[in-house]
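Fold and contact review
What follows is each chain in one-letter form.
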Amino acid sequence: MRALRLLLLLLIPVLALGQTSIPSTNPGKLLQGWLDTFNAGDVERRAKFIGEHYADSVLQGAKPEQMARRMLRFRDMVGGGFDLFKVTQSSDTEIKAILKEKGGFGWAQIRIQVDAAKPERITALDLDQAPTPAEALPAREDAAALSKDVDGLLEKLTAEDKFSDVVLLAKDGKPFFQKAYGSADREKKIANNVDTKFRIGSMNKMFTSVAIAQLVQQGKLKYTDTLSQVLPDYPNKEVAAKITIHQLLTHTSGLGDFFGDEFDKKKDNLRALKDYLQFFVNEPLQFEPGKGWAYSNAGMIVAGLVVEKVSGQNYFDYVREHIYKPAGMKDSGSYEKTDPQPNQSKGYMNEDGKWVSNYSSLPLMGSSAGGGDSTAPDLLRFDQALRAHKLLNAELTNLILAGKADVGPNEKYAYGFEERFVEGKRVVGHGGGAPGMNCDLRMYWDTGYTVIVMSNFSPPIAQHVSHYIEERIQQ
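Residues numbered from 1 in each chain as written. Predicted model: local features only at pLDDT ≥ 70, side-chain atom pairs only at ≥ 80, totals over all residues. Heavy atoms only, no water.

**Digging into the overall build of the protein chain**
Secondary structure assignment for the protein chain yields 16 helices and 18 strands. Since a compact globule built from 475 residues should have a radius of gyration of about 23 Å, the 24 Å found for the protein chain is in line with a globular shape. Summarising its shape, the C-alpha atoms of the protein chain cover approximately 70 × 55 × 50 Å along the three principal directions. Taken across its 475 residues, the protein chain has 51% of its residues classed as buried. Sequence separation of 24 or more characterises 64% of the internal contacts of the protein chain that already satisfy a separation of 6 or more. The distance from the centre of the 58 positive side-chain charges to the centre of the 60 negative ones in the protein chain is 1 Å. (Helix = DSSP H or I, 4+ residues; strand = E, 2+ residues; numbered from the N terminus. Rg over C-alpha atoms; globule rule 2.2 N^0.38 Å. Buried < 20%, exposed > 50% of the residue type's maximum accessible area, 1.4 Å probe, protein only. Contact = heavy atoms within 4.5 Å. Lys, Arg positive; Asp, Glu negative; His and termini not counted. Charge placed at Lys NZ, Arg CZ, Asp CG, Glu CD.)

**Here we look at the nonpolar core**
Counting residues in hydrophobic clusters, the biggest one holds 76 residues, and the most contacted among them are Phe207, Tyr234 and Phe382. Beyond its immediate sequence surroundings of up to four residues, Tyr234 is in contact with Leu227, Val239, Ala240, Leu255, Leu277, Phe280, Val281 and Val302. If you look at the next biggest cluster of nonpolar residues, it comprises 26 residues, including Leu59, Met67, Val87 and Ile110. (Core = buried A, V, L, I, M, F, W, Y, C linked by side-chain atoms within 4.5 Å.)

**Describing the sheet that holds strand E3 (residues 107–114)**
Sheet architecture is open: four strands sit in the order E1-E2-E3-E4, paired in antiparallel fashion. Across the chains shown, the open sheet's two edge strands, defined by having one partner strand only, are strand E1 (82–90) and strand E4 (122–130). Neighbour to neighbour, the strand axes of the sheet diverge by 20 degrees on average, direction disregarded. Examined bridge by bridge, E1 and strand E2 (residues 94–101) share seven bridges and lie antiparallel to one another. (Pairing = 2+ DSSP bridges. Axes fitted to C-alpha atoms, helices over the stretch in contact; angles between N-to-C directions.)

**A closer look at the sheet that holds strand E15 (residues 418–422)**
Spatially, the eight strands line up as an open sheet ordered E6-E5-E18-E17-E16-E15-E14-E13, and their pairing is antiparallel. Strands with a single pairing partner mark the edges of an open sheet, and in this sheet they are strand E6 (174–180) and strand E13 (405–408). In this sheet, neighbouring strand axes are inclined to one another by 20 degrees on average, regardless of whether the strands run parallel or antiparallel.

**Considering the pattern of salt bridges**
With the rule as written, the count across this model stands at 31 salt bridges. Put simply, Glu262 and Lys265 hold a salt bridge, and the shortest N to O gap is 3.3 Å. With Glu262 and Lys265 both in helix H11 (residues 261–266) and three residues apart, this pair spans about one turn of that helix. A salt bridge links Arg426 to Glu419; the nearest nitrogen and oxygen atoms lie 2.8 Å apart. A relative accessible area of 13% places Arg426 in the buried class. Connected through salt bridges with shared partners, the residues Arg420, Asp440, Arg442 and Glu470 form a single ionic network. (Salt bridge = Lys/Arg side-chain N within 4 Å of Asp/Glu carboxyl O.)

**Quick look at the side chain of Asp149**
One can find Asp149 in helix H6 (residues 143–159). The residues touching Asp149, leaving out its near neighbours within four places in the chain, are Glu141, Tyr468 and Arg472.

**Details of the packing of aromatic side chains**
In total, this model carries 24 aromatic pairs according to the counting rule given. The interplanar angle of 85 degrees and the centroid separation of 5.4 Å between the aromatic rings of Phe207 and Tyr324 together place this pair among those described as edge-to-face. With Phe207 in helix H7 (residues 204–217) and Tyr324 in helix H13 (residues 315–327), this residue pair connects regions lying 117 residues apart in the sequence. Looking at Tyr324, the relative accessible area reads 5%, which means it is buried. (Phe/Tyr/Trp six-rings, centres within 6.5 Å; stacked < 30°, edge-to-face > 60°.)

**Section: the environment of Asp128**
If you trace the backbone, Asp128 turns up in strand E4. Taking the C-alpha atoms as reference points, Asp128 and Ile110, separated by 18 residues in sequence, lie 6.6 Å from one another. Residues within four places of Asp128 in sequence aside, it is in contact with Trp107, Ala108 and Gln109.

**Some details on the pairing of E2**
Within E2, six of the eight residues are buried, which leaves the element mostly enclosed by the surrounding structure. Where E1 folds back onto E2 in an antiparallel hairpin, the turn is made up of three residues. Pairing geometry for E2 and E3, over seven bridges, is antiparallel. Residue Lys100 lies in a different strand from E3, and its bridge partner there is Trp107. Counting the residues between successive antiparallel strands, the hairpin from E2 to E3 contains five residues, one of them, Gly104, with a positive phi of roughly 90 degrees.

**Thoughts on the packing of helix H2 (residues 26–40) against helix H3 (residues 43–53)**
Two measures define how a pair of helices packs: the angle their axes make with one another and the distance between the axes. Packing of H2 against H3 leaves a shortest axis separation of 8 Å and a crossing angle of 155 degrees. On the basis of their axis angle, the class for H2 and H3 is roughly antiparallel. Two packed elements cross with a definite hand, and for H2 against H3 that hand is left-handed. Packed against H2, whose contacting residues are Leu30, Gly33, Trp34, Asp36, Thr37, Phe38 and Ala40, the element H3 presents Arg45, Arg46, Phe49 and His53 at the interface. Taken together, the residues of the contact of H2 with H3 break down into five nonpolar, three polar and three charged. (Parallel < 35°, antiparallel > 145°, perpendicular 65-115°, else oblique. Left-handed = near helix turned anticlockwise from the far one by under 90°. Nonpolar A, V, L, I, M, F, W, Y, C, P; charged D, E, K, R; others polar.)

**Focus: unusual backbone geometry**
In this model, Pro459 is joined to Pro460 through a cis peptide bond whose omega is 5 degrees. Looking at the element boundaries, Pro460 is found in the loop between strand E18 (449–455) and helix H16 (461–470). Here Asp172, not a glycine, exhibits a phi torsion of approximately 55 degrees, which is positive. Even without a glycine there, the phi angle at Asn343 is positive, about 60 degrees. The topology assignment puts Asn343 in the loop between H13 and strand E10 (348–351).

Shown next as structure tokens:
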């Protein structure tokens, strides 16, 4: 066996792990070209590289310029590109490497494969999120050191106009760091404050899940119920007979999304949850219910309709009365965008280096899938209400937080919540993001920490800051 291993090593030369320079192999040269053109931010140069080196298997019908523009939007999300951290594997036909985001937060793994007969052609290219390499992990910090570290980072990002947020860190429900940065209204020069209302995107899915669980706890509903049992008037009878409540809440129903051209045309007239059905109810399922996983805003709209049918209340009234009120969330709600609220932030998108309002991209108001408003203190109150079983009994609380569908390395989707483990410790919560809004709630269930980041900038700044904190907070 040892002789065979040595022979294989001779036939397929592999670099020692951790090489920090790119080898001069054909895949190595293409990796260097990929990085150079991605980091440069020049659409024409990027499209030229794609046109010259991407095989049809990588293009998959996309035009080089179209792909270049899409990737360069992604470049902005990672802080202007990637730096090489280390090459992990190299041969004459393939190279793998770990990349560090120039923005300083995240990591990625890239794999480039070439055709041996046409080594200038990339036949496979994978770019995936990667965990922080062990040798790059920072030291854990106590509350005082973490507060100082986080504040220094956020002051720097704010000065660079890359950050406009509220960050709240708590232990056992008691904040040890809470501070606002940036502007709630850039035109009127109004600064964010700790109690500023932010649009929270998909974080509303947690409230929809709790609402369903309350109805289950009352014996009015079962997770195994089908839509046809609960919503007999659901327009698509065939689909209603297949999909269960469990599948709606875990994104395993096969329902897709409601965003698109028709939604954009009509979004300013959507007040009731039933108004969203027109965008997806007659569309074919993406897969047979229970046979796959795909993030589904449509599924959460239907879950909201279930809440209305079973409770006999308007969804927004139900959440306000049965979740916000008992949790003490006095500054949370779903408001029409034409009715600005006191101390509510405006959302901003960066387009061609200029900050522009996200107002035109917003629907009229939020829904059971997302789009409501909340504050950092209110989200801490929600966290504490869950932990203290003010909203649900212990059994149902544990049930909605327990991961059920695999969605990534060390991550599962529960009922409207995400579940992960960090150093063996459980983390639950949910993020939310759309143009001009990005928020994140991470509840460290085993250690009592809570991390809340709320921003009126586009994703992924909130998740980046949460990740920065997560790598340093004591477990």
